[in-house]
Amino acid sequence: GDNSNVQTKREKSFYIGTTKIIVPRARTTMDNFMKEGLIEDWDLFEKIVEHSYENILYSNPSEHPVLFSESAWNDRGRREKLTELMFEKFQVPAYYLSKNVVLSCFAQGRTHGLMVDSGASQTSVVPVFDGYAVTHAVVKCPIGGDVIADQLANMLEQQNVDLVPTYRIAGKEEVSEGDPAKWTPKKNLPEVTPSYDKFMKKMILEDMAATMLQLCDTNIDMDYVEKLPSTPYAFPNGYTKEFGAERIKLPECLFDINYLKTDQKKEGLMTVAQMAATSANLADIDIRPTLFSNVTVTGGNSLILGFTERLNYALATKCPPTIKLRVFAAPTPQERKYGAWIGGSILGSLGTFQQMWVSKAEYDETGKDQRSLMGPLIGNAHMNDEKRCGKR
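Just so it is clear, the structure is predicted and the values come from calculations on it, not from any experiment.

Participant: If you had to explain the pairing of strand β11 (residues 231–234) to someone new, which residues and values would you point to?
Facilitator: Pairing between β11 and strand β12 (residues 240–243): four bridges, direction antiparallel. By the bridge assignment, Y233 is partnered in β12 with K241. Where β11 folds back onto β12 in an antiparallel hairpin, the turn is made up of five residues, including G238, whose phi is positive at roughly 95 degrees.

Written as structure tokens, this is what we have:
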């Protein structure tokens, strides 16, 4: 967050990390340095890297090589800026940049896969073949966890459920299900910004999505859905409510755009299965069977119950009947959320990877012109793309 009433840029104070942000403060906005998977706010990004070294890793950046993950659609400008930042400001001895989907693929012990990554701000599909991302076949769409959270918020509003974020609650009493909550508000709370309140409410909505929502294994059948048992959800203020058919209908928008309740235009939006099929079909025909038999689901939004099974069902109707379709997902929520991180730790510790690092000496030799420097990062990956995946 930053205190935006302060005129000069230098005097902004930043609060980074879970323990800091759960404390409500006046005039503090919640901010993200990324937009659509790309770094937008470089000042904030730099602060977060500093925070990571000082307060999480407790290590000196100049003593350890650093591996970064990037989106498959990252651009050269940002790549160069990051390289420069790490070598010039943080003085790292060696550095490497890897595609996050490739790392998620490695985390599953594979070098091929059609990576379906459903995160907060968007869902993307990237084919990975032989350890390289096929970048010309990337398909992405702005439907993800944030959209689901918004849909949930609208539903609670319609049902007159007051969503009270944890920071406003001093204490609560146990009440029977459906009865009004009995909770006491915290005294002397600072006046927080709308962005802070929204962020704290979203934490509850994300928890609801992961614990309560469920996708049908097949296309939605309302008669069947109405008969399904309802699931209770206990809110932080002690209020408990049962949710029935709506917990099945709500995430359905991921696989059927007609279920998306929004004022925004729906044209151009694709379902998760449409995206996966489109991406596979943009890749070279020779690798399609490999992709379809290694569909891999990752990202926090894929934790919605039944996501993998539903994708399998929806894709079966979209891929050629002769193809063997298999949809995989990492077994635990942690592995799905942090797939890229796990893959990075595997890659970074491989003996064969050690000659891949770009060293500070190499960087100093080539200076700002990172085309020659990023040879192994950019050149080869694309060269191999061309070789392996036929024509663009």
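Participant: Please set out the pairing of strand β4 (residues 94–99) residue by residue, giving values where relevant.
Facilitator: For a regular strand, side-chain orientation follows a simple rule: the groups alternate between the two sheet faces. In terms of burial, β4 is a largely internal element, six of the six residues being buried. Across five bridges, strand β3 (residues 66–70) lies against β4 in parallel orientation. The residue bridging E70 from the neighbouring strand is K99, located in β4.

Participant: Describe the packing of helix α4 (residues 100–107) against helix α13 (residues 339–348), listing the residues and the values that go with them.
Facilitator: One can describe the packing of α4 onto α13 by two numbers: an axis separation of 7 Å at closest approach and a directional angle of 75 degrees. On the basis of their axis angle, the class for α4 and α13 is roughly perpendicular. Between α4 and α13, the residues in contact are N100, L103, S104, F106 and A107 and G339, A340, I342, G343, G344, I346 and L347, respectively. Within the contact of α4 with α13, the residues separate by chemical class into seven nonpolar, five polar and no charged.

Participant: Run through empty space enclosed by the protein, naming residues and quoting values.
Facilitator: A full pass over the atoms with the stated rule returns two cavities of 30 Å³ or more. Within this model, the second largest cavity holds a volume of roughly 30 Å³. Taken together, T123, I143, C253, L254, I257, M270, T271, V272 and M275 form the lining of the second largest cavity. Tallied by class, residues from the lining of the second largest cavity come to seven nonpolar, two polar and no charged.

Participant: Can you tell me about helix α9 (residues 272–282), naming the residues and giving the values?
Facilitator: Every α-helix winds through 3.6 residues per turn, so residues three or four apart in the chain are directed the same way. Those residues of α9 lying buried are V272, A273, M275, A276, A277, S279 and A280. Close packing links the buried residues of α9 with β5 (113–118), β6 (123–129), β8 (139–141), α10 (288–292) and α11 (307–316).

Participant: Please provide a residue-by-residue account of the packing of aromatic side chains, values included.
Facilitator: Tallying each qualifying case throughout the model produces 14 aromatic pairs. Taking 5.2 Å as the distance between ring centres and 55 degrees as the angle between the ring planes, the aromatic pair formed by F33 and F45 counts as tilted. You can see F33 sitting in the loop between α1 (18–21) and β1 (34–35) and its partner F45 sitting in helix α2 (residues 42–57), a full 12 residues away along the chain. Residue F33 is classed as buried on the basis of its relative accessible area of 16%. On the basis of relative accessible area, F45 is assigned to the buried category, the value being 5%. Taking the centre distance of 6.5 Å and the plane angle of 65 degrees together, the rings of F235 and F243 count as edge-to-face. In this structure, F235 and F243 share a single accessibility class: buried. For R25, the ring lying beneath its charged end belongs to Y15, and the centroid distance is 3.6 Å. Residue placement shows R110 over the ring face of F328; its charged tip is 3.7 Å from the ring centre.

Here is what the cut-offs are and how they apply
Residues numbered from 1 in each chain as written. Predicted model: local features only at pLDDT ≥ 70, side-chain atom pairs only at ≥ 80, totals over all residues. Heavy atoms only, no water. Pairing = 2+ DSSP bridges. Helix = DSSP H or I, 4+ residues; strand = E, 2+ residues; numbered from the N terminus. Buried < 20%, exposed > 50% of the residue type's maximum accessible area, 1.4 Å probe, protein only. Axes fitted to C-alpha atoms, helices over the stretch in contact; angles between N-to-C directions. Parallel < 35°, antiparallel > 145°, perpendicular 65-115°, else oblique. Contact = heavy atoms within 4.5 Å. Nonpolar A, V, L, I, M, F, W, Y, C, P; charged D, E, K, R; others polar. 1 Å grid on protein atoms, 1.4 Å probe; cavity = no way out; pocket = protein on both sides within 12 Å on 5 of 7 lines; lining within 4 Å. Points joined across faces, edges and corners; volume = space filled by probe spheres on them. Phe/Tyr/Trp six-rings, centres within 6.5 Å; stacked < 30°, edge-to-face > 60°. Lys NZ or Arg CZ within 6 Å of the ring centre and 35° of its normal.

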